[in-house]
Each structure stands twice: as C-alpha cells, then as structure tokens.
Amino acid sequence: MRIGFLSVLLFISLSSWATIFTVSSNADAGMGTLRQAILGANANGFQETDYIYFLLPGTLREDVTISLMTALPKLSSNIVIDATTQPTSVLGNTSIRIFLTRGSANFFDGFVIDGVSNVEIYGIYFNNFLSPEGIPADDRTAAINLKDASNITVGKPNFQNGFGNNYTSLISPTAYNLLKNISISSNIIGLDAAGVVANPNNVGIDLSYLSNSIIGGNTEAHGNVISSNLDGVSLGAMSGQVQFSHNIIGADISKTRLFAVPTAVGVFANGEFVDLLMSNNYIVSHSIGIRLDNLKNKYLLIGNTVGESAATGHSKYGIELYNCNSGGINAGNIIAHNTVGIFADRSYAVSIQKNSFYCNRKAIEVVNIPTGKTITPSRISTITASGASG
C-alpha cells in the first residue's frame, strides 16, 4: 500500500500537476509528515496550487501535536496548508485543529515564506517559536517569517490560526523588503486556541514594509483577536494602502475578559508613504492604545473604540501622534477613560471631528505646534435638554 502511494506521488510530482499532500503522521520527519509534505509540494513545481491536508489518527491533544526538532523547509509559491481538514477537533476551537510547536532547544521559525507568492495558511496553532535574546532584529525567529512575499493569506473567517508563546506571530526584516497583498484575518494571537486563556507572545505582530495589505477586514468575522501580548502590533515603514479593521486588542472575542498590559502599545503604525485606514477596532487596557508615527501621506481613524470604561482605559494616551501630517480622527471614534484622549506632538493639520470623548483626564493635548501655525478648537455654543450644537 505504501509503495503504491509513493508511485502515484512520484508520478504527479514529475508531471507538475496540482496535488494534495496528506499529513498522516505527527512525527518530525519521514513519510506522511508535514516536513515531507512540504518537500513534496516544493518539488512539484509552482505552476499549479498544491494543497497540504491533515489526516492524523487519534483523538487526544498529543495526537494532533507536531513537535519540530529542526526547521521546516521554506515554503514555495502556490501552496495552501489547510489544517482545518484534520477530522478531529480537540484544541477547543473548531477551526484550529493542529498544534505546531518547537520541540528543540535550538531556535528556528515555524514557517518561512521568502521570495514567494500565493501562500495560504489555516487551522494551525503555532507555539514556542521564540527568539534568543540580545540578537539583531533581523535575526529574530517567529511563528511565520515573511520576506519579499506577495499574495499571502494567514487566516480567514472559519479558517483561523492561533499564536501563543512565540516571539511574534508574523515577522519580517527591518532591512528593506516588500510585503505586498498580505491578508491577516480571523486569527487568535496571544490567547489559547479557544481564545479565553492568556498565552502571550513577546509581540503580537511585528512587520515592516507592508504594502497594499489588510489586517482584519470589513466584517467582525475578519477581525483578529490580539491580546495579552507583551507588546501589541508593530507596523513599520508601510506604503501603499493598508487597512487595519475590526481587530480586538486587549480583550477576548466577547469583549468581556480583559487582558491588560499597562506597559504596552496596542498598535504602532509608521510609514511616510502609506494611506492608512484604521476602522472599527476595539483597543483597550494598554499604556498607549494607538501610536501613529511619521505618517506623511494620509491616515483616517473611524469607528474605533480606544478605551471604554474605567477598567479598559489606557494609562497614558488613547491615541498618540508624533510628527504626522494631514490626517483625520473622525466619525464615531469612542475615546474614553484614558489619561489623555489624544496627544499630538509635532503633528499639524490633523482633523479631529465627530468623536465621543468622555472620562479622560484630558481630552486633547497638542504640543510643539510648527511656528506660525495655530489650532482651531471646536466649541459647543448651545446646550439644551435634547442636544448640543456649535
């Protein structure tokens, strides 16, 4: 039986047809393993999309745990790794069905996506892909390492991934590379697979040079839960159009369990050439909810909740702007229970309109206004029992 399977696999590989490679063993290496499936897909060429499915026997957590002793091969283009195909669900989440962990004292990445395109990853919980301390940033290891990659999808509704106890879920070099058309949606980052118990990463997401990409999406189902991490989301040197929407940072999916990290930044966003949309995010219980840095093109924040109650406010700033040009914090943001709602430093021509501020010690603070420039404050001139205007 095994010989027949090998013959078919060899024929398909030589023909470079789209192939399904099935993972039937949770061993580190050998026939039927994830490692062998990746090797097979890589050898099959990249003219067609190959699929890696899972059929591990057993009904216990250890049966669906793959413990790696060495790094897996880099992924090639046109590959879908779909662990939601595993028949058994024992991790507390019907989408997340395979537990992938580093079982060695050596440090390495979970998946490496370098110089390729059209890769999709679903249904895996990544654990223990840590990085040694005191090494250069570009040598750090993580659950998924991206470099010069395009058309990459990590999670989507009903096809979640989970990330806990890693250096970070997704990382890219700080040296120039281009990540284009990256979609990161519906994942659980910093909690267990069920999304209820803290399992923090050092950083939730740590990406540089993201372009024309989306984190979260246009519906609540697309949003990621990014909570309990020692630092939240770090996005450096973005360009093109980037959307960050419907994500929950600092709480569980129900927004009833809080995971406060009072020294952390919820979201750090930087890039001179990015058009950034941040919408409908729920960001609570950090030192700073959102830090916008050196945004010189356009940015728009709409419909976000940045602090909500005495328990969920940010201990320093709800939103901080540093050295940012024209942008808008407009239309339905709730900015509440922060020490300072919005703090703007060396930032000018910022529109702040139609937001709800309440229970901040100070609503807005502006410092280091450029010479010769002025701030026009909004004023309420009339207050009645039924409304306010001005």
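See the structure above.
**Describing the sheet that holds strand β25 (residues 298-302)**
Strand order across the open sheet formed by 12 strands is β1-β2-β4-β7-β10-β13-β16-β19-β22-β25-β28-β31, with parallel pairing between neighbours. Because the sheet does not close on itself, it has two edges, and the strands there are β1 (20-23) and β31 (350-353). When strand polarity is set aside, the average angle formed by the axes of neighbouring strands in this sheet is 10 degrees. Where strand β2 (residues 50-54) and strand β4 (residues 79-82) come together, three bridges link them in parallel fashion. Bridging across to β4, I52 finds its partner in I81.

**Topic: the pattern of salt bridges**
Per the stated rule, a full pass over the model turns up six salt bridges. Among the salt bridges present, the one from D28 reaches R35, with a minimum N-O distance of 2.9 Å.

**Observations concerning the pairing of β4**
With burial as the criterion, each face of β4 is covered, one bearing I79 and I81 and the other bearing V80 and D82. Sheet topology note: the β4/strand β7 (residues 117-122) ladder contains four bridges and is parallel. Paired with I81 across the two strands is I121, which belongs to β7.

**Some words on the pairing of strand β16 (residues 210-216)**
A large share of β16 lies buried, amounting to five of its seven residues. Pairing analysis gives five bridges linking β16 to strand β19 (residues 239-245), with the strands arranged parallel. Its bridge partner lying in β19, I215 is registered against F244.

**Re a nonpolar patch on the surface**
Taken together, I364, V366, I369 and I375 make up a surface patch of nonpolar side chains, about 280 Å² in accessible area. Positionally, I364 belongs in strand β33 (residues 362-367). In this structure I364 comes out as partly exposed when scored by relative accessible area, which is 36%.

**Let's talk about the side chain of N128**
Along the chain, the position of N128 falls in the loop between β8 (124-127) and β9 (144-147). Apart from the residues within four sequence positions on either side, N128 is in contact with T101, R102, G164, N165 and N166.

**Examining the packing of aromatic side chains**
Tallying each qualifying case throughout the model produces nine aromatic pairs. An angle of 65 degrees between the planes, with centres 5.3 Å apart, marks the rings of Y122 and F159 as edge-to-face. Here the residue Y122 occupies a position in strand β7, and F159 occupies one in the loop between β10 (150-154) and β11 (162-164), the gap between them amounting to 37 residues. With a relative accessible area of 3%, Y122 lands in the buried category. Put simply, the rings of F108, F111, F126, F129 and F163 touch in pairs and so form one group of aromatic residues. When the ring centre of F99 is taken as reference, the NZ or CZ atom of R61 above it lies at 4.6 Å. Taking NZ or CZ as reference, K156 lies 4.8 Å from the ring centre of F159, over its face.

Definitions and limits used
Residues numbered from 1 in each chain as written. Predicted model: local features only at pLDDT ≥ 70, side-chain atom pairs only at ≥ 80, totals over all residues. Heavy atoms only, no water. Pairing = 2+ DSSP bridges. Helix = DSSP H or I, 4+ residues; strand = E, 2+ residues; numbered from the N terminus. Axes fitted to C-alpha atoms, helices over the stretch in contact; angles between N-to-C directions. Salt bridge = Lys/Arg side-chain N within 4 Å of Asp/Glu carboxyl O. Buried < 20%, exposed > 50% of the residue type's maximum accessible area, 1.4 Å probe, protein only. Patch = residues over 30% accessible without salt bridge, like charges linked within 9 Å, V, L, I, M, F, W, Y side chains within 5 Å. Areas by Shrake-Rupley, 256 points an atom, 1.4 Å probe, with all protein chains shown as cover. Contact = heavy atoms within 4.5 Å. Phe/Tyr/Trp six-rings, centres within 6.5 Å; stacked < 30°, edge-to-face > 60°. Lys NZ or Arg CZ within 6 Å of the ring centre and 35° of its normal.

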